[in-house]
Amino acid sequence: MNRLSPLLAAVILAGLCMPSMAQAPAKPKPQPKPAQRMNWNRVSMMDTEDADYVEAATAAIRETMERNFQACTAEDLDAVMDTMTSNCPDRENFMKECKKMFDDTDVYIRLVDCKWITSWRDSKGLWAAVDIKQWTVPKDEDVDYTEYRQRSGLLPKWELCEYQLHCRVEKGEWKAHAINSNIFEAMWPEDQKPER
């Protein structure tokens, strides 16, 4: 037994001193590219055709519309108006109609899609047109669908709808300006239809 102890100790020591057969450390996974921030006031008309500009502007407008819809769902009128241009058409009436709808019912609004159409610059600044696909679900079954709520996108007749939206850069941020089309019923792709 005494002879085995030094031999066993030597084998263990040799095993501990051998170079490790472990794998090399894994390479870190590439991190997603952070959202590109642009100085919108410095965008030229030539830049508006650039793929990086289109991607960044679409992402910024999507973010604005997500905040707008979250604010509508939360019934936070100040936050809703913060996502809109200071001179959006019918601003005072829109605020009044929002407040009335918030008092009448609860509405869940979600942005389903935002697709780029075009961009331009005029004396008021940088503009863009996008297609918006919106999902709207009122809490109440017998909610009052008014013409104003339909045309403004506050409470469309259809649960899933789409329309064209004009946006403008104001104080360095994209803001919603006005819906520039009729609001149409949209169809869910089968793989995206939510269960209710």
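Everything numeric here is computed off the predicted structure, so don't read it as measured data. Throughout this document, residue positions are counted from 1 along each chain, in the order its sequence is written. With pLDDT at 70 or above as the cut-off, local features in this predicted model cover only qualifying residues; side-chain atom pairs require 80 or more to be listed or tallied, and sums for whole chains, interfaces and linings still use all residues. Working from all heavy atoms in the structure, the side-chain values ignore hydrogens and water.

**Comments concerning the overall build of the protein chain**
By definition, any uninterrupted DSSP run of H or I lasting at least four residues is a helix, any uninterrupted run of E lasting at least two residues is a strand, and each is numbered from the N terminus. Secondary structure assignment for the protein chain yields 5 helices and 5 strands. Helices and strands appear in the protein chain in the N-to-C order α-α-α-α-β-β-α-β-β-β. Burial classification: accessible surface area is computed with a 1.4 Å probe over protein chains only, and a residue below 20% of its type maximum counts as buried, one above 50% as exposed, and the rest as partly exposed. For the protein chain, the residues scored as buried account for 37% of the 196 residues in total. Should any heavy atoms of two residues lie within 4.5 Å, those residues are counted as being in contact. Relative to all contacts within the protein chain whose residues are 6 or more apart in sequence, the contacts with residues 24 or more apart total 62%. A total accessible area of about 13100 Å² is found for the protein chain, and carbon and sulfur atoms account for 53% of it. All accessible areas in this document rest on Shrake-Rupley with a 1.4 Å probe, and a residue is counted as covered only by the protein chains that are shown.

**Quick word on the pattern of salt bridges**
In the sections that follow, a salt bridge refers to a side-chain nitrogen of Lys or Arg positioned within 4 Å of a carboxyl oxygen of Asp or Glu. One pass over the full model with this rule turns up 10 salt bridges. In this structure, the salt-bridge partner of lysine 175 is aspartate 82, at a minimum N-O distance of 3.7 Å. Residue lysine 175 is found in strand E4 (residues 173-179), and its partner aspartate 82 is found in helix H3 (residues 77-82); the two are separated by 93 residues along the sequence. Among the residues examined, lysine 175 registers a relative accessible area of 9% and is labelled buried. With its nearest N and O atoms 2.7 Å apart, the salt bridge here joins arginine 149 to aspartate 104. Separated by 45 residues along the polypeptide, arginine 149 in helix H5 (residues 147-152) and aspartate 104 in helix H4 (residues 91-104) bring together distant segments of the chain. For arginine 149, a relative accessible area of 1% puts it in the buried group. What you see here is one network of salt bridges that share partners, running through Arg62, Asp113 and Lys115.

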